[in-house]
Amino acid sequence: MDMLVKLYDLPHPSTWQEKTKQLQLEGIEIRHAIAPEKHVIVDWVREHFNPHWASEVEVAFIQQPVSCIIATHEKQMIGFAAYEATGKTFFGPTGVLQAYRGLGIGKVLLLEALQQLKHMGYAYGIIGGVGPVEFYENVVGATLIENSTPGIYRGMLR
């Protein structure tokens, strides 16, 4: 299922910028990806997640600015979040390596990406093909969109 997010009702940036500072103290950087990193990031997503997500990240690199935010630790990829890849106002895909989950990295990636969608002028964002429903409900108040499966993914080649 997909979920709907009120971008005009996101938590104030200061709530996650403090977390970003804490992560920086632990050597974890969260930032926008840049074009010369495309091959590294796409290959990493393909290796650690799946080829469909790698394709979506490739599309994120076509956007200007690039619509992919990454998390690194000691200059190694540990997480990512793409937006505006599969469709306008769409968030995702996103993922964090298992060893780094629970540190708040996914939350910061989500909030940074949704904030970008808000700055682009959208009132609502769509989280496509959601996995952790409770996470999105708790962090951004996302709500399920009834009858949204398979939605935009209908007929997708596997």
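To start, this report covers the structure provided alongside it. (Residues numbered from 1 in each chain as written. Predicted model: local features only at pLDDT ≥ 70, side-chain atom pairs only at ≥ 80, totals over all residues. Heavy atoms only, no water.)

## A few points about the overall build of the protein
Operational definition: Here a strand is any run of E in DSSP of at least two residues, a helix any run of H or I of at least four, and the numbering for each starts at the N terminus. Here the globule rule is a power law, 2.2 Å times the number of residues to the power 0.38, and the radius of gyration is based on C-alpha atoms. To sort residues, take the accessible area from a 1.4 Å probe on protein chains only and compare it with the maximum for the residue type: under 20% means buried, over 50% means exposed, and anything in between is partly exposed. Only the protein chains shown count as cover for residues, with accessible areas throughout obtained via the Shrake-Rupley method and a probe of 1.4 Å.
The helix and strand inventory of the protein stands at five helices and seven strands. Beginning at the N terminus, the succession of helices and strands in the protein can be written as β-α-β-α-α-β-β-β-α-β-α-β. Relative to the 2.2 N^0.38 estimate, which gives 15 Å for 158 residues, the radius of gyration of the protein is 15 Å and therefore close to what a compact globule would have. Once the C-alpha set of the protein is aligned to its principal axes, its extents read approximately 40 × 35 × 30 Å. The 158 residues of the protein split such that 43% are buried. About 8600 Å² of surface is accessible on the protein, with carbon and sulfur atoms providing 54% of the total.

## Remarks on the environment of G104
Where we set the bar: Note on contacts: a residue pair qualifies if any of its non-hydrogen atoms lie within 4.5 Å across the two residues.
In this fold, G104 is placed in the loop between β5 (90-96) and α4 (105-119). Once the C-alpha coordinates of G104 and T20 are considered, the two residues, 84 residues apart in sequence, prove to be 8.7 Å apart. Not counting residues up to four positions away in its chain, the partners in contact with G104 are K19 and L23.

## Notes on the sheet that holds strand β7 (residues 143-145)
To keep things clear, this is the line we draw: Two strands pair if DSSP finds at least two bridges between them. To get an axis, a line is fitted to the C-alpha atoms, and for a helix only the part in contact is used. The angle between two axes follows their N-to-C directions and goes from 0 to 180 degrees.
In spatial order, the strands read β2-β3-β4-β5-β6-β1-β7; together these seven strands make up an open sheet with mixed pairing. This sheet does not close on itself; its edge strands, each paired only once, are β2 (28-32) and β7. On average, each strand axis in the sheet is tilted by 30° relative to the strand beside it, whichever way the strands run. Across the sheet, helix α2 (residues 38-48) is in contact with β3 (68-73) and β4 (76-83); its angle to β4 comes to roughly 90°. Contacts from helix α5 (residues 133-140) reach β1 (2-6), β5, β6 (124-127) and β7 within the one sheet, and its direction differs from that of β1 by about 5°.

## What to know about the pattern of salt bridges
Counted only if it meets this: Throughout this description, the term salt bridge denotes a Lys or Arg side-chain nitrogen within 4 Å of a carboxyl oxygen of Asp or Glu.
Taken as a whole and judged by the stated rule, the model has six salt bridges. Put simply, E29 and R31 hold a salt bridge, and the shortest N to O gap is 3.8 Å. For R31, a relative accessible area of 27% gives the class partly exposed. With its nearest N and O atoms 3.3 Å apart, the salt bridge here joins D43 to R46. On the criterion of helical spacing, the pair formed by D43 and R46 is a turn pair, its members being three residues apart in helix α2.

## Quick look at α4
To keep things clear, this is the line we draw: Here the expected length of a helix is defined as 1.5 Å per residue gap, with one fewer gap than residues.
Its 15 residues place the ends of α4 21 Å apart at the C-alpha level, agreeing with the 21 Å of an ideal helix rising 1.5 Å per residue. At the C-terminal side of α4, G121 shows a positive phi close to 105°.

## Examining unusual backbone geometry
Each neighbour pair has its own omega, and for Q64 with P65 the value is 0°, a cis peptide bond. The residue P65 is located in the loop between α3 (51-60) and β3 in this model. Cis geometry is found at the peptide bond from G92 to P93, where omega equals 5°. In this fold, P93 is placed in strand β5. Of note, the phi angle at E84 is positive, near 60°, even though the residue is not glycine. Relative to the helices and strands, E84 resides in the loop between β4 and β5. Residue N147 is not a glycine yet carries a positive backbone phi of 55°. Here N147 is to be found in the segment after β7. By relative accessible area, which is 76% here, N147 ends up exposed.

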